[in-house]
Protein chains: 4
Amino acid sequence: MIKVGIVGGTGYTGVELLRLLAQHPHVSVEAITSRSEAGVKVCDMYPNLRGHYDTLTFSEPDAKQLGDMDAVFFATPHGVAHALAGELLDKGTRIIDLSADFRLRDAKVWSEWYGQPHGAPSLLEKAVYGLPEMHREKIKTARLVAVPGCYPTAVQLGYLPLLEAGLIDPQQLIADCKSGVTGAGRGAKVPSLLAEASESFKAYGASGHRHLPEIRQGLGDMQAHPVGLTFVPHLTPMIRGIHATLYSQLTTSVDDLQALFEKRYASEPFVDVMPAGSHPETRSVKGINTCRLAVHRPENSNTVVVLSVIDNLVKGASGQAIQNLNLMFGFEENMGLTAPALMP
Amino acid sequence: MIKVGIVGGTGYTGVELLRLLAQHPHVSVEAITSRSEAGVKVCDMYPNLRGHYDTLTFSEPDAKQLGDMDAVFFATPHGVAHALAGELLDKGTRIIDLSADFRLRDAKVWSEWYGQPHGAPSLLEKAVYGLPEMHREKIKTARLVAVPGCYPTAVQLGYLPLLEAGLIDPQQLIADCKSGVTGAGRGAKVPSLLAEASESFKAYGASGHRHLPEIRQGLGDMQAHPVGLTFVPHLTPMIRGIHATLYSQLTTSVDDLQALFEKRYASEPFVDVMPAGSHPETRSVKGINTCRLAVHRPENSNTVVVLSVIDNLVKGASGQAIQNLNLMFGFEENMGLTAPALMP
Amino acid sequence: MIKVGIVGGTGYTGVELLRLLAQHPHVSVEAITSRSEAGVKVCDMYPNLRGHYDTLTFSEPDAKQLGDMDAVFFATPHGVAHALAGELLDKGTRIIDLSADFRLRDAKVWSEWYGQPHGAPSLLEKAVYGLPEMHREKIKTARLVAVPGCYPTAVQLGYLPLLEAGLIDPQQLIADCKSGVTGAGRGAKVPSLLAEASESFKAYGASGHRHLPEIRQGLGDMQAHPVGLTFVPHLTPMIRGIHATLYSQLTTSVDDLQALFEKRYASEPFVDVMPAGSHPETRSVKGINTCRLAVHRPENSNTVVVLSVIDNLVKGASGQAIQNLNLMFGFEENMGLTAPALMP
Amino acid sequence: MIKVGIVGGTGYTGVELLRLLAQHPHVSVEAITSRSEAGVKVCDMYPNLRGHYDTLTFSEPDAKQLGDMDAVFFATPHGVAHALAGELLDKGTRIIDLSADFRLRDAKVWSEWYGQPHGAPSLLEKAVYGLPEMHREKIKTARLVAVPGCYPTAVQLGYLPLLEAGLIDPQQLIADCKSGVTGAGRGAKVPSLLAEASESFKAYGASGHRHLPEIRQGLGDMQAHPVGLTFVPHLTPMIRGIHATLYSQLTTSVDDLQALFEKRYASEPFVDVMPAGSHPETRSVKGINTCRLAVHRPENSNTVVVLSVIDNLVKGASGQAIQNLNLMFGFEENMGLTAPALMP
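No experiment lies behind these values; they were computed from the predicted model shown.

Draft legend 1. Representation of the overall build of chain A within the structure. Assigned secondary structure in chain A consists of eleven helices and 14 strands. Against the compact-globule benchmark of 20 Å for 344 residues, chain A has a radius of gyration of 20 Å, which places it among compact chains. Counting across all 344 residues of chain A, residues that qualify as buried make up 67%. Excluding contacts between residues fewer than 6 apart, the proportion of contacts in chain A whose partners are at least 24 apart in sequence is 71%. Carbon and sulfur atoms form 48% of the exposed surface of chain A, whose accessible area is close to 11,000 Å². With 30 positive and 35 negative side-chain charges, chain A shows a spacing of 2 Å between the two charge centroids.

Shown next as structure tokens:
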């Protein structure tokens, strides 16, 4: 049994960590911090956890307490992990950061998109990008893992087989992405109200979104040079789920894209290549850590369309964080992550 | 490991049994029948089950095959269990019937509400009403369990402490109930379309609903004489969940209704009495077998208001069926039913 | 053409006034105030109004400007109309107050429920309660109208025929009410987020809600003595609509409740008694000023169940406000309010 | 006052015609046909119409009765208008066909996509494609108008300024489209149930959809040669609305795309070019005939992104049909179509 702490536990990724870890046989959540809710019992804030964490209470962040943990999850806004990571790493605590703090290798790029100096550039070389399908071996020995963002996970897993195989033009990538509203977090903002966001659909950030440099970095790594990517995120009126519709142009003749995808992901526990002709629904991954993919080639043209769905709070955040933890601590990779999706 | 079969597995209670049983360490689903989908793999129909039941295929109902099972769940329209139950019981198979076939003790009443003769009146004396909070000991030795309906579960658990204690007038009960749309099943009907049922709220069956005699029978048992009950069900635009708002009139002075409820349910694994002043939300039980209750006494009047929420597909159907199975086979009562609710 | 102003125009009842008044041939909106949005064009905040109010801009509240109007609507939190009403009335401006400021005749009761002294008790005797089905003649000559709340409108119209005719026990009234989320206003609160409020149903205020004294006052007026009322509001996951399910006990034998309702409302332009056996849906009044009613008597018992639906933003607020304005200024009562409901 | 009939009035486009025409001062609906519902009053089927069409009743289709109308709308599945159009045109009745029967100029292409021979190829040369922004003058004198499909309307209006001006590569068009569920009609199908379609998002028809040839034909007309188009439709969990996200590649340097769009649509009553940087929401056009557009150029690349929203039942069907009727009969183009969108 390992001891873990959660920093910033009041948001959706925090409570999702608790929900999933309640099913993990080898993890005990010993600390959960929140400045605003210190002293409140987690099950008073999240009644779905009644009966599971009946004594766990939000506390003020305390580096000493966190330093006693085997691992600490950061489920915080950007900047927080920068401030605490160094001290915890020095104490031997492993860090799994769900925020954007260590996702970009280049501190300068980070600083441009987040509008503030990078708070821990010296730690960047230690950070491993926590996409197991790309970096499994490095994750196993990492002390500091940057869990990928939700859009970046769905987009990278969809393009990976095509880019690795060098089949498509990396300069002509278009990722049209749709997210449920939990992607915007639990902050009280008018546009996120049910009265505003339901029964409507819209794009946002069409001229630039913070996940763009992360996706570019990841796609670039797959074939060793920069990509040209247009990324347009949209808000869809549902709670959970991301659907990425990924367009690219074949540069070579290919016989069987379906076989390519199936082969690439044959041994991946959390990537499911659907049968040819499928249209994966986001609800088919509601609450679980799986990414389901389908590949289409409309009218045998050179355009490839990949459909990629994840639960933004699981494979796009807390589930992938636990998958990383499992790898870092030598547990079975799917430990605590085996329940089927809730459907309907 | 026991072997179980599911008759009528294509509806929502069937797929929910599969979802929940995937987490049960001592149950193996060996047969699932459907006349309309025979030959189809369950995970082709329900992609959320991909990776869990990859070889399980719907088959024609076959009494011989079902008779080899330790237990058979009926997730069927009324009448089907009548026809098969006798033969299976003779073979030693235990039956857990999610339909209404064996819920009413009086075949004549059944026949009035269901518009056809009762198909197996001789089995009625063997049938145990599967509400563990009322009939746990009988369930443990039962061969044939009638799983309560969704509304009846929510209503009975809410009134139980009051009626058992003889505190309220049993002639003045009003149950105003609200259900998500899965309560209407998976049939393709215009009123259940998203375009018809979302963004709207309505009552139905205000002049009489089939769950009424079942609720009356159950409430009557709690204090040994017939009750006067008005029951109005409503349709609310969501997938899962029942909220019962239960009104009654105190006939005696009572100090502490909260303590009464807490004491009555102190050792029940699946009834959660919320703190005084609470308003349980249906989402706090999404996907789980718990009933959450709160008791109010507006302005210290004689009117008691009990709020009772369940997931209609879990505590209102498939989860309670598994709870019964656990009792019948001597497993821990909560086996396979320990995950927290999905929230948000 | 009369000139009107709107105080507090950024909330849902404000924008709904604009939407409806865009169709009114004899009203020109000349001023709309908002402290927080002063200087912003209304169609920048509400793009649905583009093409209708392209130059109208929120301004700081200004008693002088408002005093030049023929009528002013208050779409404000409580307390604001108290402060401004006297001055405007002195200038000859008629006031239609959508807030709770002048709904209760008794300043002491007001002050108990709203936790502050009543700010304009001397105006109370001038205020007319703007439920046209009860007070049409008084409204025609009123200078200050208090538009009823949303729940109070649905509940009063449902009980009116029964109480006026003296058929039911006024001490045993139970109003189980369900509202869409716009009833909670446009404030940015966590419980109103789509991620929190959708796919869930809950009661709130079970021990006391501010609409209770207003409903009691109105029902009391119908039969000249106080009523005993239990009122439990619920939140349902949809944008608009209120469904009131109203229970009462007959104290005398009655032949034909359907005829009673039809007769009472025969000449009402905005009350629609549905055919016997109906279950009105809230969507059937989406966007319109109609209240649809159905009356049931389950199993010929003494319990009467009335189902009453309105759009909380129209008949429950802005539409009823315009209906009052039409009466006050001698227009056709349904002017600007003739479009059918949006369905589906 | 002109007399109109509606063939196939039970579907969503039929009831939407009734809703909108109730506000049209110069149109009287004298006949509405439905084989399945003959004899039923429309307001019994659609209670939102109570008070508006209280005597109108569905009747069997009758060419004689329809031939007495000034105009007949077809709100039918494909093939029905083929069979009746010739006879009605001979009687002098003008036809406004909301189905796909006369949208494609090439009967052979029609027959390939619809899997049956074209039933009235001789009428094709009389048919005018009813997109007023392209063909206004022809519509004014047309006897037979084919109302564009919902996706084709949103896509064509978005690409029109760019293609007419010759600024983009017509071989590299990608239209990623999202529709509410009413796009699938009112048929009782399992995938359209609230329990199946809500809280989920999916693509469909990724390998080919019937609107593809219609869009291709329309886009081809804008610049006189065939286009290369990838079109992927998606289902989003809401009732109404289409959002088209349109990608293309600039082939020439352009200073000001915003000005280009504003100029092209300056005098169009139903196309609203939003301010630069906008992200139009589908709810901003709920219930109305407007198409709102925004144009983006992410990071000043050569990729242009156009966002285009309509209400699929109004500008995508019944509203556009009435806009065509207004043009054909010399009414103001926006007659009956002036109400603001319902929001929230």
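Draft legend 2. Layout of empty space enclosed by the protein. Overall, the coordinates contain seven cavities of 30 Å³ or more when judged by the stated rule. As a volume, the largest cavity reaches approximately 260 Å³. Contributing to the lining of the largest cavity are 16 residues, with Pro237(A), Pro237(B), Pro237(C), Ser198(D) and Pro237(D) lying nearest its centre. Here the lining of the largest cavity is composed, by residue class, of eight nonpolar, four polar and four charged.

Draft legend 3. View of the UniProt feature "domain: Semialdehyde dehydrogenase NAD-binding" (unreviewed entry) in chain A. Mapped onto the present numbering, the UniProt feature "domain: Semialdehyde dehydrogenase NAD-binding" (unreviewed entry) falls on residues 3–142 of chain A. The annotated region residues 3–142 of chain A carries 34% helix and 18% strand content, and the separation between its end C-alpha atoms amounts to 17 Å.

Draft legend 4. Region of the structure containing the relation of the copies chain C and chain A. When chain C is fitted onto chain A, the two copies agree to an RMSD of 0.0 Å after a turn of 180 degrees and an axial shift of 0.0 Å. Overall, the copies show the geometry of a two-fold rotation axis. Take the interface residues of chain C: 100% of them recur as interface residues in chain A, which is what a same-surface contact looks like.

Draft legend 5. Representation of the relation of the copies chain D and chain A. Relative to chain A, chain D is turned by 180 degrees and slid 0.0 Å along the rotation axis, the superposed coordinates differing by an RMSD of 0.0 Å. Both copies contact each other with a shared surface, as 98% of the interface residues of chain D are interface residues in chain A too.

Draft legend 6. Examining the UniProt feature "active site" (unreviewed entry) in chain A more closely. All names here are of chain A. Per the UniProt record, "active site" (unreviewed entry) is found at Cys150. Mapped onto the fold, Cys150 is located in helix α7 (residues 150–164). If we ignore the near neighbours within four places in the chain, the residues touching Cys150 are His211, Ile242, Ile310, Asn312 and Gly316.

Draft legend 7. Quick look at the interface of chain C and chain A. Taken together, the contacts link 19 residues of chain C with 19 residues of chain A. For the chain C and chain A pair, buried surface summed over both sides reaches about 1,500 Å², with 72% attributable to carbon and sulfur atoms. Here chain C and chain A share two salt bridges between them. The salt bridge involving Glu196(A) is made with Arg186(C); its shortest N-O contact spans 3.6 Å. The tally of links from chain C across to chain A stands at four residue pairs in polar contact (both at pLDDT 80 or more). Of all the elements, helix α8 (residues 194–197) of chain C adds the most residues to the side of chain C that touches chain A, at four residues. In terms of residue class, the side of chain C that touches chain A is built from eleven nonpolar, four polar and four charged.

Draft legend 8. Seen up close, the interface of chain D and chain A. Taken together, the contacts link 43 residues of chain D with 42 residues of chain A. Together, the buried faces of chain D and chain A total about 3,600 Å²; carbon and sulfur atoms form 52% of this surface. At the junction of chain D and chain A, the tally comes to six salt bridges. For Asp176(A), the salt bridge goes to Lys178(D), with nearest N and O atoms at 3.1 Å. The interface formed by chain D and chain A holds 27 residue pairs in polar contact (both at pLDDT 80 or more) in total. At the level of elements, β8 (173–179), α8 (194–197), β9 (202–203), α9 (211–223), β10 (229–235), β11 (242–249) and β14 (303–310) of chain D are the ones that each hand at least two residues to the side of chain D that touches chain A. It is β8(D) that provides the largest number of residues to the side of chain D that touches chain A, a total of four residues. Taken together, the residues of the side of chain D that touches chain A break down into 19 nonpolar, 13 polar and eleven charged.

Draft legend 9. How the structure looks around the domain arrangement of chain A. Residue and element names in this part refer to chain A. As far as domains go, chain A holds domain 1 (2–129) and domain 2 (151–311). Averaged C-alpha coordinates put domain 1 and domain 2 at centres separated by 27 Å. Both sides of the domain 1 and domain 2 interface together cover about 1,400 Å² of buried area, and 49% of this is carbon and sulfur. Here domain 1 and domain 2 share three salt bridges between them. Taken together, the links from domain 1 to domain 2 amount to ten residue pairs in polar contact (both at pLDDT 80 or more). Residues of the side of domain 1 that touches domain 2, tallied by class, amount to nine nonpolar, two polar and four charged.

Draft legend 10. How the structure looks around the sheet that holds strand β3 (residues 58–59) of chain C. Residue and element names in this part refer to chain C. Here we have seven strands laid out as an open sheet, ordered β3-β2-β1-β4-β5-β7-β6, and parallel in their pairing. For this open sheet the edge positions go to β3 and β6 (127–129), each flanked by a neighbour on one side alone. With two bridges joining them, strand β2 (residues 27–33) and β3 adopt parallel strand pairing. Counterpart to Thr33 in the pairing with β3 is Ser59. Lying over the sheet, helix α6 (residues 132–140) contacts β6 and β7 (144–146), oriented at roughly 150 degrees with respect to β6.

Draft legend 11. Just the side chain of Asp272(A), in detail. As for its placement among the helices and strands, Asp272(A) is situated in strand β12 (residues 271–273). Judged by relative accessible area, Asp272(A) falls into the buried class, the value being 14%. Only 2.6 Å separates the side chain of Asp272(A) from the side chain of Arg292(A), close enough to count as a polar contact. Sequence-distant contacts of Asp272(A), that is, excluding residues within four places in its chain, are made with Thr290(A), Cys291(A), Arg292(A), Leu293(A) and Arg50(B).

Draft legend 12. Highlighting the sheet that holds strand β13 (residues 291–296) of chain A. All names here are of chain A. Pairing is mixed across the open sheet formed by seven strands, whose spatial order is β9-β10-β8-β11-β14-β13-β12. Each of the sheet's edge strands pairs with one partner strand only, and the pair in question is β9 (202–203) and β12. Examined bridge by bridge, strand β11 (residues 242–249) and strand β14 (residues 303–310) share eight bridges and lie antiparallel to one another. Its bridge partner being in β14, Leu246 is matched across the sheet by Val306.

Draft legend 13. Spotlight on the packing of α7(A) against helix α9 (residues 211–223) of chain A. Residues and elements named next belong to chain A. Two numbers describe how α7 lies on α9: the axes approach to 9 Å, and their chain directions differ by 20 degrees. Here α7 is positioned roughly parallel relative to α9, judged by the angle of their axes. For the element pair α7 and α9, the recorded crossing hand is right-handed. When α7 is examined against α9, the residues Cys150, Tyr151, Pro152, Val155, Gln156, Tyr159, Leu160, Leu163 and Glu164 are found in contact with a partner set consisting of His211, Glu214, Ile215, Gly218, Leu219, Met222 and Gln223. By residue class, the composition of the contact of α7 with α9 is ten nonpolar, four polar and two charged.

Draft legend 14. The pattern of salt bridges, seen in detail. Residues and elements named next belong to chain A. Using the criterion set out here, one finds 84 salt bridges over all chains in the structure. The salt bridge involving Arg283 is made with Glu281; its shortest N-O contact spans 2.9 Å. The residues Arg283 and Glu281 share a single accessibility class, namely buried. Connected through salt bridges with shared partners, the residues Glu16, Arg19, Arg240 and Asp311 form a single ionic network.

What counts as what
Residues numbered from 1 in each chain as written. Chains lettered and ligands numbered in written order. Predicted model: local features only at pLDDT ≥ 70, side-chain atom pairs only at ≥ 80, totals over all residues. Heavy atoms only, no water. Helix = DSSP H or I, 4+ residues; strand = E, 2+ residues; numbered from the N terminus. Rg over C-alpha atoms; globule rule 2.2 N^0.38 Å. Buried < 20%, exposed > 50% of the residue type's maximum accessible area, 1.4 Å probe, protein only. Contact = heavy atoms within 4.5 Å. Areas by Shrake-Rupley, 256 points an atom, 1.4 Å probe, with all protein chains shown as cover. Lys, Arg positive; Asp, Glu negative; His and termini not counted. Charge placed at Lys NZ, Arg CZ, Asp CG, Glu CD. 1 Å grid on protein atoms, 1.4 Å probe; cavity = no way out; pocket = protein on both sides within 12 Å on 5 of 7 lines; lining within 4 Å. Points joined across faces, edges and corners; volume = space filled by probe spheres on them. Nonpolar A, V, L, I, M, F, W, Y, C, P; charged D, E, K, R; others polar. UniProt positions renumbered as here; feature names shortened; annotations may be inferred. Least-squares fit on C-alpha atoms with pLDDT ≥ 70 in both. Buried area = accessible area lost by both parts, 1.4 Å probe. Salt bridge = Lys/Arg side-chain N within 4 Å of Asp/Glu carboxyl O. Polar contact = N/O pair within 3.5 Å; in protein donor to acceptor, adjacent residues only side chain to side chain. Domains from an automatic or database assignment. Pairing = 2+ DSSP bridges. Axes fitted to C-alpha atoms, helices over the stretch in contact; angles between N-to-C directions. Parallel < 35°, antiparallel > 145°, perpendicular 65-115°, else oblique. Left-handed = near helix turned anticlockwise from the far one by under 90°.

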